[in-house]
Each structure stands twice: as C-alpha cells, then as structure tokens.
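Each chain is listed here by its residues.
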Amino acid sequence: MSTIQITELLGDGIGPELAESLHKVAESLPVDFEFRPVDWSLENREAKGDDVIDEAEASMRETKLAVKYPTITNKRSPNALIRRRCEFSVIYRPAISIKGIHSNFKEDVNLHIVRIATGGTYDDPGQLIGKDAAVSLRMVERKPCEQAAKFAFQLARKTGLRYGDSHYSMTSSSKHTIQRVTDGLFESVVAKVHEDFSDVDHNVELFDALLAKIIIDPSAYEVVLVLNEYGDFLSDMASGLVGSLGTGASGNYSFDENNEVDIAMFDPAGGTAPDIAGKNLANPAAVLLAFGMLLDHVERYDLGHALRLSLLSCIENGNSTRDLGGKLNTDEFTQVVIDNIPAHL
C-alpha cells in the first residue's frame, strides 16, 4: 500500500503529548505514514490569523485526511472555522462501553451516532424582538440530510458485517410529529435514501422517546441518525452512559457531488487540559481511538481493529492512565498499547 498522507492540526496544552503518542503507534504499524503538520497553537493562530486556516484547508484538500488535536478557543473557534471551510456536514461519534472504566450505568452500550453537523438552530444565534422576546431561525437542508443518511446506512451495512453475520439496524430520530416541516423533511429524505439500502432495517423514533428507550435497553439501537441539536444532546448522554467523556473520538466528513466522502478529519473528545500539560499525565486513549477510525476509513480495518482491541484490553486489565484508575503515565500507556497490538493482528 502507498504512503498514507495525513494533515496534522497541532494544538495547545496536552496536544503535543497526544501527537507524540499517536506518532509512536503509527511507527509501530506495518504501514508508511506521512504527517503534514500545521501549527494550530493559539500563539500561531493569533500571529498569522486566517493564513493558518488557509494552510490547513489547502493541506486537507490535498491529503483528504486529517487528525486534529485539542485547541484553545479565544476569539474564534478553529473547529468551527475549519468545518465551514471544508464543508463538513456529518459527524460520526461511536459510544461503546469499555470494560475497566467505571460507570453507574451497567448495561453494555454500542451506539454509532451520526449527526448532521449543519443547520438546526446552531447556525443562527437569534435576535431580540423588542426587550422581552427573542427568535432564531431553524434550518434543515435536503443535501446534508441525503449525505448523512447515505453515510449512516453504509455504516450500518459495513459495521454489522464486520462484527457479525448481519447488518446493523439504522434508526432515524427527530420530532417530526411536532416539527412537521423541518423534521418532516429530514425523515422524508432518510426514507427516500433507504430505498437504496433495502437490506438494512430502518426504524423511526421520536427523539424524546429514543433517549428513554436507550437507557432502558441500549442493545436495541446500533446506528442512530439525528439532526444537529439532537446529535449534540445524544452524544453527550451516550458518553455519560459509558462512563467517560475523555475516551470519545469522532470523525468529521465532507462530501462530493455524488454524496461520497471527500475529506475526513478525526479528533479526540476533551480539551487542552492545561493543568497537566507537559507532565506526561495525559490520557491518549481518545486520540488513539480517533486514529483507529482513520485507519478504518482508509480501508485498513485490520489495523484499526487491532489498535482498538489492544487499547481496550489494556484498560480492562488495569493498564491505564491515572484518570481511569491506573498508574501509567502517557508514555507508559502508549507503550503497553503498542506491545499488545501484535496479539490482535
């Protein structure tokens, strides 16, 4: 296989330590990677302004792949800027129970949340009407719904076959009985796209009922497709169910005119953690899981899966960083994950 070229958006705080961990893992794999770093530290962004955003966009449009590390938001959110520049319209966030991480929720969770990352009320901050009222516009567009629906059905088909002998189901969820026009458009688009994926079961749930049903029986849901705000709420709830926001990873996707993925950017959940930056205490699990998603995306599922199994078995056996109850520092945890990968290849 040819060299995999990856744009690397370097960040603040613990970002350099996470990058070092990811590089060590990459060097241990039987694939050649070429990382193209872009300095997205706050200092460099404030010094160069839009030039550093231009640099990131140009690199990402060439490599079609990126890893982003945590960044400080001062006046402008770099996350929001690059998402608009690259026209990311879908966010994919897995939420899976990890043995060895304490959670008050005792059921196993295996949710694959696909969120339409544009529109809703998030694109409009609203405006005051007089002194005592405010209004915001809620936009739902056909094209992002089509892109997200195709992505979700493909994900259900591929993921189910990887982990079993049948496809995962795909559930679309909204408040279409109340928001009849906006959410109604979303559900009608999903139903139309489903015609090309008749082999995948498609269910529809009202969003408030979905939240309750996931808590009652999470095994009934696999891939879940939702609009922007709903995806924000659902992702955080799911992270709480599995016991940690700090082990989450996500993929951000833009699409071509045929609704096929064009650019993919992967990043860990969590912030810059300035209190532990530079102390070799950061937990790199989330960024390594994000790297595993990148490997899946470039059709090296064998390596992505081996990385995940290695990391999860380390945590289950107590070989984890201090935030998860273990005793390892960043370098030590990275090394035990690397040492454990061959057993899963």
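Keep in mind the model is a prediction, meaning the values are calculated, not measured. (Residues numbered from 1 in each chain as written. Predicted model: local features only at pLDDT ≥ 70, side-chain atom pairs only at ≥ 80, totals over all residues. Heavy atoms only, no water.)

1. Section: helix α6 (residues 182–194)
Now for step 1: An ideal rise of 1.5 Å per residue puts 18 Å on 13 residues; α6 measures up with 19 Å between its terminal C-alpha atoms.
Now for step 2: For α6, the complete set of buried residues consists of T182, D183, F186, E187, V189, V190 and V193. Summarising the axial view, the buried residues of α6 lie within an arc of 160 degrees, below the 170-degree limit, and thus occupy one face. (Helix = DSSP H or I, 4+ residues; strand = E, 2+ residues; numbered from the N terminus. Expected span 1.5 Å × (residues − 1). Buried < 20%, exposed > 50% of the residue type's maximum accessible area, 1.4 Å probe, protein only. Arc of directions from axis to C-beta.)

2. Concerning the sheet that holds strand β5 (residues 110–116)
Now for step 1: Read across the open sheet, the 10 strands follow the order β2-β1-β3-β12-β11-β4-β5-β10-β8-β9; overall the sheet is mixed. The open sheet has two edge strands with one neighbour each: β2 (33–39) and β9 (202–206). For this sheet, the mean angle separating the axes of adjacent strands, direction not counted, is 25 degrees.
Now for step 2: Across four bridges, the pairing between strand β8 (residues 170–174) and strand β10 (residues 223–226) is parallel. (Pairing = 2+ DSSP bridges. Axes fitted to C-alpha atoms, helices over the stretch in contact; angles between N-to-C directions.)

3. Structural notes on a negative patch on the surface
Now for step 1: A contiguous patch of negative charge on the surface is contributed by D39, E43, E46, D51 and E55.
Now for step 2: Mapped onto the elements, D39 comes out in strand β2. (Patch = residues over 30% accessible without salt bridge, like charges linked within 9 Å, V, L, I, M, F, W, Y side chains within 5 Å. Areas by Shrake-Rupley, 256 points an atom, 1.4 Å probe, with all protein chains shown as cover. Salt bridge = Lys/Arg side-chain N within 4 Å of Asp/Glu carboxyl O. Lys, Arg positive; Asp, Glu negative; His and termini not counted. Charge placed at Lys NZ, Arg CZ, Asp CG, Glu CD.)

4. Examining the nonpolar core
Now for step 1: Counting 85 residues, the largest nonpolar core has F33, V114, L225 and F291 as the members making the most contacts within it.
Now for step 2: Ranked by the residues each element gives to this core, the list is headed by helix α9 (residues 285–297), at nine residues.
Now for step 3: If near-sequence neighbours (up to four positions away) are discounted, V114 is found in contact with V90, I91, Y92, A148, F151, A152, L155, V223, V224, L225 and V226.
Now for step 4: In this structure, A56, I82, F88 and M265 belong to the second largest nonpolar core, which totals 14 residues. (Core = buried A, V, L, I, M, F, W, Y, C linked by side-chain atoms within 4.5 Å. Contact = heavy atoms within 4.5 Å.)

5. Things to note about helix α11 (residues 330–340)
The periodicity of an α-helix, 3.6 residues per turn, causes residues three or four positions apart to be oriented the same way.
Now for step 1: Of the residues making up α11, those classed as buried are T330, F333, T334, V337 and I338. In a view along the axis of α11, the buried residues occupy a sector of 135 degrees, so they form one face of it.

6. Side note on the pairing of strand β1 (residues 4–10)
Now for step 1: For β1, the tally of buried residues reaches five of seven residues, placing the bulk of the element in the interior.
Now for step 2: When β1 meets β2, the two strands line up parallel, connected through seven bridges. Bridging across to β2, Q5 finds its partner in E34.
Now for step 3: Taking the sense of rotation as the criterion, the β-α-β connection linking β1, helix α1 (residues 15–28) and β2 turns out right-handed.
Now for step 4: The pairing of β1 with strand β3 (residues 65–68) spans three bridges and is parallel. Among the inter-strand pairings, L9 is bridged to a residue of β3, identified as K68. (Right-handed = clockwise from strand over helix to strand, strands pointing away.)

7. Overview of the pairing of β3
Now for step 1: Side-chain alternation along β3 places L65 and V67 on one buried face and A66 and K68 on a second face that is also buried.
Now for step 2: Pairing of β3 with strand β12 (residues 261–268), which is carried by three bridges, proceeds in the parallel orientation. Residue L65 lies in a different strand from β12, and its bridge partner there is A264.

8. Brief notes about empty space enclosed by the protein
Now for step 1: Inspection of the entire model under this criterion finds one cavity of 30 Å³ or more.
Now for step 2: Within this model, the largest cavity holds a volume of roughly 60 Å³.
Now for step 3: Partitioned by chemical class, the residues of the lining of the largest cavity number six nonpolar, four polar and one charged. (1 Å grid on protein atoms, 1.4 Å probe; cavity = no way out; pocket = protein on both sides within 12 Å on 5 of 7 lines; lining within 4 Å. Points joined across faces, edges and corners; volume = space filled by probe spheres on them. Nonpolar A, V, L, I, M, F, W, Y, C, P; charged D, E, K, R; others polar.)

9. Thoughts on the packing of aromatic side chains
Now for step 1: Considering all chains together, one arrives at eight aromatic pairs under this definition.
Now for step 2: Centroid distance F151 to F255: 6.5 Å. Interplanar angle 90 degrees. Geometry classified as edge-to-face. In this pair, F151 is assigned in helix α5 (residues 142–163) and F255 in strand β11 (residues 249–255), connecting sequence segments 104 residues apart. Accessibility assignment for this pair places F151 and F255 in one class, buried.
Now for step 3: Look at F153 and F197: their rings are 5.4 Å apart centre to centre, the planes differ by 15 degrees, and that puts the pair in the stacked class. You can see F153 sitting in helix α5 and its partner F197 sitting in the loop between α6 and β9, a full 44 residues away along the chain. Like F197, F153 is buried.
Now for step 4: Among the aromatic residues, those joined into a ring-pair cluster are Y92, F151, Y253, F255 and F266. (Phe/Tyr/Trp six-rings, centres within 6.5 Å; stacked < 30°, edge-to-face > 60°.)

Interpretation in functional terms is not warranted from these geometric data alone.
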